[in-house]
Amino acid sequence: MLDLLADSALPALLRRSATAYLLVNAAHILGIALLIGAIIPLDLRLAGAFPRTPLPAIAPLLRGMALAGLTLSLVTGAALFTTNPAEYATNPAFRIKLALLAAALLNAALVTRSRAWAQVLSGARPPPALRLMAALSALLWLSILLAGRWIGFL
């Protein structure tokens, strides 16, 4: 199955064209930058930092930026995966990254679908449980970043 994926048109293009690979890789880094650059300030604010910054004003913007970065990094990451799927699939750091990503996405879904999130958007202070989930989110996303860097060293 992974061999079929590796033999398809997109990975062939990426392996054949240094420019195509460069552009997809740069887009992946841009996606990560948008995601981390938006989610960490949002998580910090939800956790209690920067109390003078109104959450209803920044939360929708930062969430939207994080979603755009997540989308870009997932699409480009999938494309990069296809260039050598058998190697990535057996790489422990890659597997850890995917597990952390699943946990971070679950945490984000729980946060943004919670009653507390709706209340925060209306101007309420984040309750302790939401503050804890925000701190966990920051830890998860930074751990994903580290696991992603670790892939190349294993």
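So, how was this worked out
- Residues numbered from 1 in each chain as written.
- Predicted model: local features only at pLDDT ≥ 70, side-chain atom pairs only at ≥ 80, totals over all residues.
- Heavy atoms only, no water.
- Core = buried A, V, L, I, M, F, W, Y, C linked by side-chain atoms within 4.5 Å.
- Buried < 20%, exposed > 50% of the residue type's maximum accessible area, 1.4 Å probe, protein only.
- Helix = DSSP H or I, 4+ residues; strand = E, 2+ residues; numbered from the N terminus.
- Contact = heavy atoms within 4.5 Å.
- Axes fitted to C-alpha atoms, helices over the stretch in contact; angles between N-to-C directions.
- Parallel < 35°, antiparallel > 145°, perpendicular 65-115°, else oblique.
- Left-handed = near helix turned anticlockwise from the far one by under 90°.
- Nonpolar A, V, L, I, M, F, W, Y, C, P; charged D, E, K, R; others polar.
- Polar contact = N/O pair within 3.5 Å; in protein donor to acceptor, adjacent residues only side chain to side chain.

J.: An account of the nonpolar core is requested, with residue identities and associated values reported.
T.: Ranked by size, the top nonpolar core spans 26 residues in total, and within it Ile39, Leu42, Leu46 and Trp141 carry the most contacts. Among the secondary structure elements, those contributing two or more residues to this core are helix H3 (18-47), helix H4 (55-81), helix H6 (92-112), helix H7 (115-121) and helix H8 (128-151). Those residues within four positions of Leu46 in sequence are excluded, and the remaining contacts are Leu55, Trp117, Val120, Pro126, Leu130, Arg131 and Ala134.

J.: A description of the packing of H4 against H6 should follow, citing residues and the corresponding values.
T.: Here H4 crosses H6 at 155°, and the two axes come no closer than 14 Å. In terms of orientation, H4 lies roughly antiparallel with respect to H6. Judged by the sense of rotation from one axis to the other, the crossing of H4 with H6 is left-handed. Only Phe94, Leu101, Leu105 and Thr112 of H6 make contact with H4, whose side of the interface consists of Arg63, Leu70, Leu74 and Phe81. Here the residues of the contact of H4 with H6 sort into six nonpolar, one polar and one charged.

J.: Kindly report on the side chain of Thr76, identifying the contributing residues and their values.
T.: Topologically, Thr76 is positioned in helix H4. On the basis of relative accessible area, Thr76 is assigned to the buried category, the value being 8%. Within the local environment of Thr76, its side chain forms a polar contact with the backbone oxygen of Leu72, the two atoms lying 2.7 Å apart. Each residue touching Thr76, except ones within four places of it in the same chain, is listed here: Val24, Ala27 and His28.

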